[in-house]
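Topology and contacts: notes
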Amino acid sequence: MLRLGDIIKKVELYQPHADTSLLEKAYIFSAKVHHGQIRYSGEPYLSHPLEVTGILADLKMDLPTVSVGLLHDTVEDTLVTLEEIEALFGADIRNLVDGVTKIGQVEFSSPAEKAAENFRKMILAMANDIRVVMIKLADRLHNMRTLNYMPPEKQKRIAQETMDIYAPLANRLGIGRLKWELEDLSFRYLEPEMYYELRSKIAKTRRDRNKLVEQTQKLLKTELDKTGIKAEVTGRPKHFYSIYSKIQRKGVTFEEIMDLLGVRVITDSIQNCYAALGVVHSLWKPIPREFDDYIAMPKPNYYQSLHTAVIGPHAQPLEVQIRTDEMHRIAESGIAAHWIYKEGGQVEDKYSERFTWLQQLLEWQQDVKDPQEFMRSVKTELFPDEVFIFTPKGDVRNFPKGATPIDFAYNIHTDIGHHCVGAKVNGKLAPLNYELKNGEIVEIITSPLHQPSRDWLKIARTGKALNRIRYWLRAQQKQRSTTLGREICEKEMRHYALNLSKLERSGQLKEIAIMFNCQGVDDLMAAIGYGKISVRQIAAKILPPESLEKQQAESGFSKLLKKVTPSSQAVKIKGFDDLLINYARCCNPVVGEDVIGFITRGRGVTIHRADCGNALNLSDPERRIEVEWTQSKSIQPVGIEVVSADRQGVLAEITGAISKIGINIINAKIHVDAGNKATHNFVIEVMDIKQLHKVLKAIQQIKDVLTVERIKTA
């Protein structure tokens, strides 16, 4: 177990004159309140805060942050209060402990919701004080180092969360040493067979590789000295997950990986970085398309280095990284490489541009309510397999791989994104779904009459673009709902002898809106349009009960529309998200068929096939509403009737044909008449019209099957 004295020595290496009495006080307090607590490993609980504190000291964090490593679990896991922490250690440490404690204390209904909500909290904590996340990362790293003591199901869950959230966060903050270790530890539990197979292969060749790397280091160092370049040449450590990722990404074998051998050159200036690159390329032949200049174009986390791959000694592929000492410190420790904090953990202004991505995440966590959608946006930003794009003026902007001109347009300005009609890439016209490539020059073409389309959500890749498009679409949808709600309200109020215009002029309608937690009359009308509030509910706020009872029960459109919470329905009403949808049993529409919708009293909107006889008989045009499929596949029940000769084995052949296509039978009835004909009625679940046609065709080809047709389910 790490000792306090070891931690103090680490701190004194980078803060020789630090007053370590704060650390000693925090240690005594933590030992006292955690006394008697035991970890899964059987060690005293105090071993955990000590190790977390050691990691923070290795990252050269300021003294309050290192001290909170000892205190970070005191409020969550003991009877200690934040008020006690503040009384003993001050407001700064109290706020840090509070920030760490708040992440992950609420119970959630699903893993996706929990992951998203925890991440939202972490983003808010980062915005208040970036040091909170440094403590949380150190805490997670030590938990991952001791994960082998946890039950298998917890190992998988914690490892997946680490791979999804904590490793990318460490990467985005530029803390390479944390990112690599978190990835390797997660890989060990998520893909144990691949992990141990890879580790075994690397171990078998380690002695030969180390020998070859030593020879390479000496040769390169000698050549650099000859040219007067001051540099340190070291072997580059290999990380299991990065090797595994490259195997998966490039579709190659372990033996074909280019950078199993690697050296790193650390020199004193950018000029010498490029000079050292020249020496490397004069010694060994460079491998085409294996050079990256991250000095001229830094990664989003401000990582800088030259990367090149060459055919090295004994014809072995060799990767060489070249950087300055300053670049190396930033690559290893990220934001912790500099004292970039003001008092209270705020980032100094000269470094604030490095955290624009954090501001974007803050905006998304406020606007995006769906947990899974939020996490998709976050992952896009945290895993920026980036491309660098130039504006016509020569400015460089980086985007995740797969980004399109729409992402570029919204990156420049929201209005340019909204009115984007096309793009010129390297001077040539390109469609909006064109995938941008490294080094291209992009110019956006706009039109003041053009507006975003829902289809853009399938094209855009960046969280910023997706967020702006969704916001605009929601605003347009609300406008349509407000108009529809006003029309419904005007018609319905006549049944109650009320006048909408008079109620609005008198201010009474505004008061009613406030009663329904609406910000104004327009919001109230939108709620009616959505079907969330009925006109009867409004009338009940105006008329006395006896007068209300004399009127007929709900009628007209408010009776037709029904409240429903948003859902992932396969069909949607154009312009609305949350009306109740039913599928007509008379025709059982499935994905891919032409459909129409009818407002049905008390049942929301009923979806019929366009050729359904019942639907064609519904002549009231006011009840008809446009609908469209929003999913390419959605499981729907469909009734089919098969008439066959009554012979042994025919039922087994029919059900076998259905099962072979992967279709589930949820109900079956068989009737045999006096003429030895068997009628088989099935309710099956199909994903779309193509799959239905496929199963009907398969059944029709069975011997002794006479007819196959769709029927009403019940």
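Cut-offs used in this document
- Residues numbered from 1 in each chain as written.
- Predicted model: local features only at pLDDT ≥ 70, side-chain atom pairs only at ≥ 80, totals over all residues.
- Heavy atoms only, no water.
- Pairing = 2+ DSSP bridges.
- Helix = DSSP H or I, 4+ residues; strand = E, 2+ residues; numbered from the N terminus.
- Axes fitted to C-alpha atoms, helices over the stretch in contact; angles between N-to-C directions.
- Contact = heavy atoms within 4.5 Å.
- pLDDT = per-residue confidence, 0-100.
- Buried < 20%, exposed > 50% of the residue type's maximum accessible area, 1.4 Å probe, protein only.
- Core = buried A, V, L, I, M, F, W, Y, C linked by side-chain atoms within 4.5 Å.
- Patch = residues over 30% accessible without salt bridge, like charges linked within 9 Å, V, L, I, M, F, W, Y side chains within 5 Å.
- Areas by Shrake-Rupley, 256 points an atom, 1.4 Å probe, with all protein chains shown as cover.
- Salt bridge = Lys/Arg side-chain N within 4 Å of Asp/Glu carboxyl O.
- Expected span 1.5 Å × (residues − 1).

1. Here's the deal with the sheet that holds strand β5 (residues 317–324)
The strands that make up a sheet are held in pairs by hydrogen bonds between backbone atoms, and each pair lies either parallel or antiparallel. If you walk across this open sheet you meet the 5 strands as β1-β2-β5-β4-β3, and the pairing is mixed. If you trace the sheet from one side to the other, it starts and ends with β1 (231–235) and β3 (285–293), each paired once. Looking at each pair of strands side by side, their axes are set apart by 20 degrees on average, direction ignored. Of the pairings in the sheet, the one linking strand β4 (residues 306–311) to β5 comprises 6 bridges and is antiparallel in character. Within β5, the residue paired with A309 across the bridge is E319. The strands touched by helix α12 (residues 192–226) are β1, β2 (262–267) and β5; relative to β1, the strand with the most contacts, the crossing angle is about 170 degrees. Taken strand by strand, helix α15 (residues 325–333) contacts β2 and β5, and its axis lies near 105 degrees from that of β5.

2. Here's the deal with unusual backbone geometry
Positive phi outside glycine occurs at N588, with the angle close to 45 degrees. Its location among the elements puts N588 in the loop between β12 (581–583) and β13 (595–600). Backbone geometry at D704 places phi at a positive 75 degrees, although glycine is not the residue there. Tracing the backbone shows D704 in the loop between α30 (689–700) and β20 (705–711).

3. So, the confidence of the model for the protein
For the protein, the mean per-residue pLDDT works out to 81, and 81% of the residues sit at or above 70. No element of the protein has a lower mean pLDDT than helix α27 (residues 556–560), at 42, and none a higher one than helix α14 (residues 270–283), at 95. Within the model, the stretch residues 339–345 combines pLDDT values under 50 with 29 contacts to residues more than four positions away or in other chains. Counting interchain partners and residues more than four positions distant, the pLDDT-below-50 stretch residues 552–568 has 47 contacts.

4. A few points about the pairing of β2
In terms of burial, β2 is largely enclosed, as 6 of its 6 residues are buried. With 5 bridges joining them, β1 and β2 adopt antiparallel strand pairing. Within the sheet, the bridge partner assigned to V233 lies in β2 and is V265. One ladder, built from 6 bridges, connects β2 with β5; its direction is parallel. Pairing of I266 across the sheet is with R323, part of β5.

5. Here we look at the nonpolar core
Within the largest apolar cluster, 70 residues are counted, with the highest numbers of intra-cluster contacts made by V11, V66, L137 and L198. For L137, the residues in contact, after removing those within four places along its chain, are Y166, L169, A170, L173, I175, L178 and L182. Within the second largest apolar cluster, 24 residues are counted, among which are A403, A430, L436 and A465.

6. Some points on a nonpolar patch on the surface
On the surface, a nonpolar cluster with roughly 220 Å² of combined accessible area is contributed by L651, I670 and V672. By secondary structure assignment, the location of L651 is in helix α29 (residues 650–660).

7. What to know about the sheet that holds β20
In space, the 4 strands of this open sheet follow the order β18-β19-β17-β20, with antiparallel pairing throughout. The open sheet is flanked by β18 (664–672) and β20, the only strands paired with a single partner. Strand-to-strand twist in this sheet, taken as the mean axis angle between neighbours without regard to direction, amounts to 20 degrees. Packing of α29 onto the sheet brings it into contact with β17 (636–645), β18, β19 (677–686) and β20, and relative to β19 it is tilted by some 15 degrees. Sitting on the sheet, α30 touches β17, β19 and β20, and the angle it makes with β20 is about 160 degrees.

8. Structural notes on helix α11 (residues 176–190)
With 15 residues, α11 extends 21 Å between its outermost C-alpha atoms, agreeing within 8% with the 21 Å of an ideal straight helix rising 1.5 Å per residue. The buried fraction of α11 amounts to 12 of the 15 residues, a majority that puts the element mostly inside the structure. Of all the residues in α11, the buried ones are G176, L178, K179, W180, L182, E183, D184, L185, S186, F187, Y189 and L190.

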